[in-house]
Each structure stands twice: as C-alpha cells, then as structure tokens.
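The primary structure of each chain is shown beneath.
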Amino acid sequence: MLKLRPRRLRLNENLRSMVRETNLSVKNLIYPLFVVAGENVREEISSMPDVYHLSVDNAVELAKKISDAGIPSVEVFGLPEYKDDIGSSAWDMNSPVQRAIAAIKKSVPELVIVGDVCLCQYTTHGHCGKLCGHYVDNDETLKLLQKVAVSQAEAGADIVAPSDMMDGRVAAIRDALDEKNLINVSIMSYAVKYASGYYAPFRDAADSAPQFGDRKQYQMDCANVREALKEVELDLAEGADIIMVKPALAYLDVVAKVREQINRPVAVYNVSGEYAMVKAASANGWIDERRIVTENLTSMKRAGADMIITYHALDVAEWL
Ligand code: PBG
Ligand code: ZN
C-alpha cells in the first residue's frame, strides 16, 4: 500500500484551507484611478471594461467605496488639460492628478495614495522624458521628475511611484523630497519595467502612446532577468522603499528572483493588457472571470509579491 498520499490533505475545503500556502487578501491590493478634468465625468474606457475616466468629484466617491471595501490604497493616474514638449502639466498643482490627490486625502484620509510619476501622459510626443532630438535626455528628465514627485507629495500623496525608467531617478526624487522635508513620503520604484505589448489598453486610456518610435531605449528588454536584478540593486542603493515588477503574469519568474534577493517589499503591476485579456475572454464565456482572476492574483503572491496593483481590485474585494 502507498504510505504517502498527498490527496489526503485535499479531501475537503477546510482541510485544503489549513494547508494553503498563499492567501490572497484585500489588504494586498492597490486600485488604479484615471482622473480627468471637468465635473461629474464617468466614461468607461473601451478597452478596459468597468474602468472609468473620472472627474475629481467622482474619483473621491469611488475612493470612498474602495476604502469601504477594505482596499488600503489607490494609485492615481491623470489626463491633463494641456500638453507641451516637457510635460509641464505633470507638476501643475491645478491638474486633475494633484487636485484628486488632495481631495481624496481630505475625504478619505486613511487611504494610502500612490502618485504615478511620469511624463508620457503630459508630453505632446508621448515619451517619458525631455527629448533631445529623438533621444530622451536622461539627466534633464530627472529634474522634471523631481518636480512631479514633489508636487504630488505636496498635494498629499503618501507614496510616489516613478514609472519612467530613467537612470538615477530614485536618488533624484529622494533628494528632492528630502529637501522639502517630505521625509515620510515613500518611493515605490517601477524598478523592473519591461517594454511590453501589455500596456496597449492603458496607453489608449491615458492617451500616452509615443508619437514616434517606442520605449525600448529606457524600458527593459523582455528577454532579460539578470538585468532586472541590476535595476533592483541600483534602486535599492538609491533608496527605493518598495520595488515593483511590471507587467506581472508573463514575468513571475522575475518576481520570484527579486523576492529571493531583497528584504524590501515587492509590488507587481497586473497591467491593462492582462486585465483586458481576462475581461474579453470572460465576456465571451470562454473562461470563468472570478476563478481566473483569483488564480492569477494568487499566483502573483505565490511568486513573491506583497502587493498587487490591479484593475480587478474592487471585484476581488467583493469576492473575498
Ligand atoms: C507610463 C505608464 C504605463 C503604465 C503605467 N504607467 C505604460 C507605458 O509605459 O506606456 C502601464 C499600466 C498598464 O498597462 O496598466 N509610464
Ligand atoms: Zn511614462
């Protein structure tokens, strides 16, 4: 007779729950918001069902709902009212992002607010920095990113999350924050951000597609994992409080390696393309949305993620 039978511990749900190694919690989730100018705006993003462009008033309403659902955090993205070649609306205190951060902080003070620090939504050319010809000038861009991070922190962001992939931006942002005595504002670095086809729905939603070329001179090559560890090492040395890997699903090996190597929290971004694939297949009845989303997010945790930025957050909160 067999002595070892792993099936013994799978006999019923209570037994399974006792030996479960990974438990997804609503406390692991961060919900992304897209804010726009105007009042009472709530427009669904066509490639991202159930995700909306919201004016500040509606973003505050949703933030209350998010907090009531037990989700601890939101990440704020914005569509500005004007664009120029350096993306100066990104640090305008009257822009939708800064106004939304301030309004959410006022109405839902316990919610942890993450500000996405980048320039691509705000530049006419759609690149994540200041151009010199067709080249994104790294060090000139750092000065602009400092302004964006400080403006969001001054508006009330608890965490700033640079997603531009310039070299040295974590140190530059830390310096700028500390100089303004914003010492308790954390930096969640998009340390490992791949040049990915999975961002397509987001670029429609945020109107941030590059107008020429691509982002491969600053975002990472999807073939590389040693390089991911190098990026992480640099950002840790520069003072990142949280390290992010993005996208999530196709990069869980990277998440696992990063988790093994570091002792700071790891975040993953379950990006727009991952979301859109699940929504499209479930809308067609080809997969069971709840099962697939739970399986995907549990796998991200199993790989080592402490927190997950996901457009599924509100649904998951309801299911759990
Ligand atoms: C911009 C930015 C991107 C995302 C977040 N911030 C996309 C990009 O690099 O074009 C992607 C988010 C998603 O796809 O859900 N720096
Ligand atoms: Zn960008």
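Our subject is the structure that appears above.
Summarised in this report is the structure supplied together with it. In this text, all values refer to a predicted model and were calculated from it rather than measured experimentally.

Note that Lys-279 resides in helix H9 (residues 272-283). Excluding residues that lie within four positions of it along the chain, Lys-279 makes contacts with Pro-49, Asp-50, Glu-289 and Asp-315.

This brings us to the coordination of the zinc ion (ligand 2). All of the protein donors around the zinc ion (ligand 2) are Cys-118 (SG), Cys-120 (SG) and Cys-128 (SG); their distances to the metal are 2.2 to 2.3 Å. In this structure, the zinc ion (ligand 2) is surrounded by four donor atoms whose angles at the metal cover 95 to 124 degrees, and the resulting shape is tetrahedral. Here the donor residues for the zinc ion (ligand 2) map to a single chain with the spacing C-x1-C-x7-C. By the burial criterion, Cys-118 is buried, and Cys-120 matches it.

Looking now at the site of ligand 1. Taken together, 17 residues lie around ligand 1, and Arg-203, Gln-219, Lys-246, Ser-272 and Tyr-311 are the ones closest in. The contact in question runs from a nitrogen atom of ligand 1 to an N or O atom on the side chain of Ser-163, over 3.1 Å. Starting from 400 Å² of accessible surface for ligand 1 in isolation, the protein chains cover 100%. Looking at the shell around ligand 1 residue by residue, the classes come out as nine nonpolar, three polar and five charged.

Keep in mind that most residues, glycine aside, have a negative phi and that most peptide bonds are trans. In this structure, the amide linkage connecting Lys-246 to the following residue, Pro-247, adopts the cis form with an omega of -10 degrees. Here Pro-247 lies in the loop between strand E10 (242-246) and helix H8 (252-261). The phi dihedral of Asn-40 is positive, around 55 degrees, even though this residue is not glycine. Tracing the backbone shows Asn-40 in the loop between strand E1 (29-36) and strand E2 (42-45). Assessed through its relative accessible area of 61%, Asn-40 is described here as exposed. The phi dihedral of Asp-50 is positive, around 70 degrees, even though this residue is not glycine.

Residue position: Glu-231 is located in helix H7 (residues 226-238). No salt bridge is formed by the buried Glu-231. Its closest oppositely charged neighbour is Arg-169, at 5.3 Å. Setting aside its immediate chain neighbours within four residues, Glu-231 contacts Met-165, Ala-191 and Met-220.

Next up on the list: a nonpolar patch on the surface. A cluster of nonpolar side chains, contributed by Leu-9, Met-18 and Val-19, occupies part of the molecular surface with about 310 Å² of accessible area. Inspection of the secondary structure assignment puts Val-19 in the loop between helix H1 (13-18) and E1. Overall, the relative accessible area of 40% leaves Val-19 in the partly exposed class.

What follows covers the nonpolar core. By size, the foremost hydrophobic cluster in this structure holds 83 residues, and its most contacted members are Ile-66, Leu-177, Val-192 and Val-258. Per element, the largest residue contribution to this core is eight residues, and it comes from helix H4 (residues 138-155). Ignoring any residue separated from it by four or fewer positions in sequence, one finds Ile-66 in contact with Tyr-31, Leu-33, Ile-71, Val-74, Leu-111 and Leu-314. One finds Ile-45, Met-48, Ile-159 and Tyr-311 within the second-largest nonpolar core, a separate group that totals 24 residues.

With that out of the way, let us pick up the side chain of Gln-152. Counting through the fold element by element, Gln-152 comes out in helix H4. The residues contacting Gln-152, other than those within four sequence positions of it, are Val-97, Gln-98, Ile-101, Gly-115, Asp-116, Val-117, Ala-157 and Val-160.

Next up on the list: the pattern of salt bridges. Taken as a whole and assessed by the stated rule, the structure comprises 15 salt bridges. For Arg-16, the salt bridge is made with Glu-13, and the minimal N-O distance between the two is 3.4 Å. One end of the pair is Arg-16 and the other is Glu-13, both in helix H1 and three residues apart, which spans about a single turn. Its relative accessible area of 41% is what places Glu-13 among the partly exposed residues. As a salt-bridge pair, Lys-279 and Asp-50 come within 2.9 Å of each other at their nearest N and O atoms. Of this pair, Lys-279 sits in helix H9 while Asp-50 sits in strand E3 (residues 48-55); the two residues are 229 residues apart in sequence, bridging distant segments of the chain. Of the residues examined, Lys-279 reaches a relative accessible area of 8% and is grouped as buried. The class for Asp-50 is partly exposed, based on a relative accessible area of 39%. What you see here is one network of salt bridges that share partners, running through Asp-50, Lys-279, Glu-289 and Asp-315.

About the thresholds
Residues numbered from 1 in each chain as written. Chains lettered and ligands numbered in written order. Predicted model: local features only at pLDDT ≥ 70, side-chain atom pairs only at ≥ 80, totals over all residues. Heavy atoms only, no water. Helix = DSSP H or I, 4+ residues; strand = E, 2+ residues; numbered from the N terminus. Contact = heavy atoms within 4.5 Å. Donors = N, O, S within 2.8 Å, 3.2 Å for Na, K, Ca; no water. Tetrahedral: all angles 85-135°; square planar, octahedral: opposite > 155°, others 65-115°. Buried < 20%, exposed > 50% of the residue type's maximum accessible area, 1.4 Å probe, protein only. Near = heavy atom within 4 Å. Polar contact = N/O pair within 3.5 Å; in protein donor to acceptor, adjacent residues only side chain to side chain. Areas by Shrake-Rupley, 256 points an atom, 1.4 Å probe, with all protein chains shown as cover. Nonpolar A, V, L, I, M, F, W, Y, C, P; charged D, E, K, R; others polar. Lys, Arg positive; Asp, Glu negative; His and termini not counted. Salt bridge = Lys/Arg side-chain N within 4 Å of Asp/Glu carboxyl O. Patch = residues over 30% accessible without salt bridge, like charges linked within 9 Å, V, L, I, M, F, W, Y side chains within 5 Å. Core = buried A, V, L, I, M, F, W, Y, C linked by side-chain atoms within 4.5 Å.

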